[in-house]
Amino acid sequence: MRLATRRRFAWLAVLSPPLIWTLLFMIVPYTIMFAYSFFRKEGFSFIPDLQFGNYAALLLDPQYSQVLLRTLKIATMVSLAALILAYPLAYFLAFKVRWARLRLFLYMAVIVPLWVSYLLRAYTWKTILGSEGVLNSFLVWSGILSEPTHLFLYNQFAMVLTLTYIFIPFMVMPIYTALEKIPRSLIEVSGDLGVGPSHTFFRVTLPLSVPGILAGFTFTFCLAFGDFIAPALVGGPTGTMVANVVQSQFGVSFNWPLGGAISIVMLAIVLTIISISDRFERAGRLDLG
Amino acid sequence: MNILEIEHLTKMFAGGVTAVNDVSFGLAEGEFVTLLGPSGCGKTTMLRMIAGFESPDRGRILLGGRDVTDDPPHRRQVNTVFQDYALFPHMNVTQNVGYGLRIAGVPRSEIATRVRESLAMVDLLDKATATPAQLSGGQRQRVALARAIIRQPKVLLLDEPLSALDVKLREAMQVELKHLHQKLGITFILVTHDQKEALVMSDRVIVVDRGRIVQSGTPAELYEHPESPYVADFIGTSNLIRATFVGNEDGHHVTAFGGKQIRAKRGIRSFEPGGGILLAIRPEKVLLAKLANATTWNHFSGTVVETLFQGNILRLKLALGGGESFVIDLPLQSPRDRIEAPDVGTEVELAVDPANVIVFASDGRP
């Protein structure tokens, strides 16, 4: 066998498992979903068709468009909250912790929650915020409240809080990596040129960490956007997110065509976000060497 | 008054390593001084303390008569050229060079003028809008220089600025840096481990070893009058030979090795007769005896072990009578010099002027 041919076979052998995996579990299901999104629902059966009624319902029926807008809003708030909390932490880790082992330990402390069951992490906040929860017990015990309040749980605040908590590692990791990559001599030379620490941060450190911020924002936004467990646990009636709607369309509501249409719209939104952030990242990609 | 005064500077690192140990020196205005030493000798730490990136555990730094020991880097009128150039990758050349002025709020038109002047100084006006990624190593080096001189610092610090360049470019930049120094009249401190670079560029060289100053002087002084075998060996090349001290005679130290008597005019202090000493002899100061006509010279012999043709010179590696290895450099002024050079295995008679033999105590002290 010629070398070139053999090389090609080797390539195929290496690539085929992931390719087959992607085809079977990504492309095929999405194609089916895409096809379903044009079907009609009649009674308890779905009639194959090519019509845009499901997409129209999604845009025109406030029941769905509102949920979609709310989801976008909550995902944005979660990403912003995570950014505001994660940046100082990542900065502290990358620049202020001088002892390498302590840095590793703190970094692991951020990452470790990812290995704990997702459900458990969401549930934690239920036990903290609930009417019988830690926060209420404390407030009643300390006399600030005379009786437990229901204000903490089952609303959008609780959801933003929970989702921020759950997804913050995805913000810390890329920002930390970006900050870590900035040569220390760039920070030093800024001071050397007569520029104080705060200007140095805004003119050097922050601009050079933008790729990390973009990556973290994309991760957090997309993960929060598609979440359906936190809304179910702590969201309450005003906290329903678009993924819950999808879930119910494929479940109790038994309207696969509509569920398919919503899923395709979600996919489109997420892909748009990713490509925008990728474009920004590309434009700002710099040679730090 | 000295522009920069370093007093008893000491810096300890974690693990009890003393990087800089009680170092004091002063710099006159407009001087070009090199801190020369092997890597890890503490020279870069000294530079970083002068720049303000490290704070000393003891000692003071006076800049223009003012104590700046506790000032942060951005309050010191010194600028640094970093080894890796440290150009801001998100700014073009003009923005890099004008960075400090822009944030200091200098008017735009003035910044533009000064950036142009600065870039003209390093001959890089045509790259004003390029980004660092589009520049070659030598051009990045120039940008870093232009950026460091634009604020007219009292002292310019250069941390191994040429080490990343290839040999030809490095030699060209050495000369250019020297010219830049003459044009600007600013005090330069260069840190390097390259003794040739130090000799070529500096008015004064400070040799550093293990956190201490070993010797300081003009390049010629260091080369001609090393005060220790360490300096004799680090600056240029020296043959260091163990010998025995015999006595003094006619203003000469008389020493012996391998049954031969070697007379030396130089040697700073007196030695115990019969004591062990070290002789330092530069390879290019030794001639083949047949070419030397002075009778007052020392004569000794060795066997050629290897010949190394280096273009401008022929280096002979010899074994002396007691087996000591010894190198001499023969100038190649005419084609005959190479053809008539002794072959490997032959024994050659050598001659050296007593004025070119230096005696050190065997413990390394002069």
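Criteria and thresholds
One numbering rule holds for all chains: residues counted from 1, following each sequence as written. The lettering of chains begins at A and the numbering of ligands begins at 1, in the order of writing. Side-chain atom pairs in this predicted model are given and counted only at pLDDT of 80 or more, local residue features only at pLDDT of at least 70, and totals for whole chains, interfaces and linings cover all residues. Heavy atoms from the whole structure form the basis of all side-chain values; hydrogens and water molecules are not counted. Where each domain begins and ends follows an automated or database-derived domain assignment. In this analysis, two residues are considered to be in contact whenever any of their non-hydrogen atoms come within 4.5 Å of each other. For any pair of parts, buried area is found by adding up, for both, the accessible area (1.4 Å probe) each one loses once the two are put together. The term salt bridge refers to a pairing of a side-chain nitrogen on Lys or Arg with a carboxyl oxygen on Asp or Glu at a separation within 4 Å. Pairs were defined over the aromatic rings of Phe, Tyr and Trp, the Trp ring being its six-membered one, requiring ring centres within 6.5 Å. Orientation was assigned from the angle between planes: stacked under 30 degrees, edge-to-face over 60, tilted for the rest. The helix and strand labels rest on DSSP assignments: H or I over at least four residues marks a helix, E over at least two residues marks a strand, and numbering proceeds from the N terminus. Charge-over-ring contacts are defined here by two conditions on Lys NZ or Arg CZ: a distance within 6 Å of the ring centre and an angle within 35 degrees of the ring normal. We treat two strands as partners when DSSP finds at least two bridges between them. Every axis corresponds to a line fitted to the C-alpha atoms, with the helix fit spanning only the stretch in contact, and the corresponding angles, defined between N-to-C directions, vary from 0 to 180 degrees. Roughly parallel means an angle under 35 degrees; roughly antiparallel means over 145; roughly perpendicular covers 65 to 115; every other angle is labelled oblique. For a crossing to be left-handed, the near helix must be turned anticlockwise from the far one by less than a right angle; the clockwise case is right-handed. Residue classes follow a fixed rule: Ala, Val, Leu, Ile, Met, Phe, Trp, Tyr, Cys and Pro count as nonpolar, while Asp, Glu, Lys and Arg count as charged, and any other residue, Gly among them, counts as polar.

### Some details on the domain arrangement of chain B
All names here are of chain B. Split into domains, chain B comes out as domain 1 (4-232) and domain 2 (237-361). When each unit is reduced to the centre of its C-alpha atoms, the spacing between domain 1 and domain 2 is 39 Å. Domain 1 puts nine residues into the contact, and the matching count from domain 2 is eleven residues. Interface area for domain 1 against domain 2, summed over the two sides, is near 810 Å², with a carbon-plus-sulfur share of 51%. In terms of surface lost to domain 2, no three residues of domain 1 exceed Tyr223, Pro229 and Ala232, which account for 61% of the buried area on that side. For the pair domain 1 and domain 2, the number of links is one salt bridge.

### Regarding the packing of aromatic side chains
Inspection of every chain in the model, using the stated rule, returns 28 aromatic pairs over all chains. Ring plane angle 80° and centroid distance 5.5 Å describe the contact between Phe300 of chain B and Phe326 of chain B, whose orientation is recorded as edge-to-face. Of this pair, Phe300 of chain B sits in strand β16 (residues 298-309) while Phe326 of chain B is found in strand β18 (residues 325-331), placing the two residues 26 residues apart along the sequence. Taken together, Tyr36, Phe39, Phe44, Phe46, Phe250, Phe254 and Trp256 of chain A form an aromatic cluster joined through their ring pairs. The ring of Phe88 of chain B has Arg147 of chain B lying over it, and the distance from NZ or CZ to the ring centre is 5.1 Å. The residue whose ring lies beneath Arg282 of chain B is Tyr223 of chain B, and the NZ or CZ to ring-centre distance is 3.8 Å.

### Digging into the sheet that holds strand β13 (residues 260-264) of chain B
Residues and elements named next belong to chain B. If you walk across this open sheet you meet the five strands as β13-β12-β11-β14-β20, and the pairing is antiparallel. Looking at which strands have only one partner, the edges of the open sheet turn out to be β13 and β20 (357-361). Taken pair by pair, the neighbouring strands of this sheet meet at an average axis angle of 45°, ignoring direction. Relative to strand β14 (residues 276-281), strand β11 (residues 239-249) runs antiparallel, the two sharing six bridges. Residue pairing in the sheet places Arg242 in a bridge with Leu278 of β14.

### Quick word on the packing of helix α7 (residues 156-181) of chain A against helix α9 (residues 197-225) of chain A
Residue and element names in this part refer to chain A. At a minimum axis separation of 8 Å, α7 and α9 run at an interaxial angle of 150°. It follows from the interaxial angle that α7 and α9 lie roughly antiparallel. The two elements α7 and α9 meet at a crossing, and its hand is right-handed. Here Leu163, Phe167, Phe170, Met171, Pro174, Ile175, Ala178 and Leu179 of α7 lie close against α9, whose contacting residues are Thr205, Ser209, Gly212, Ile213, Ala215, Gly216, Phe217, Phe219, Thr220, Leu223 and Ala224. Looking at side-chain class alone, the contact of α7 with α9 contains 14 nonpolar, five polar and no charged residues.

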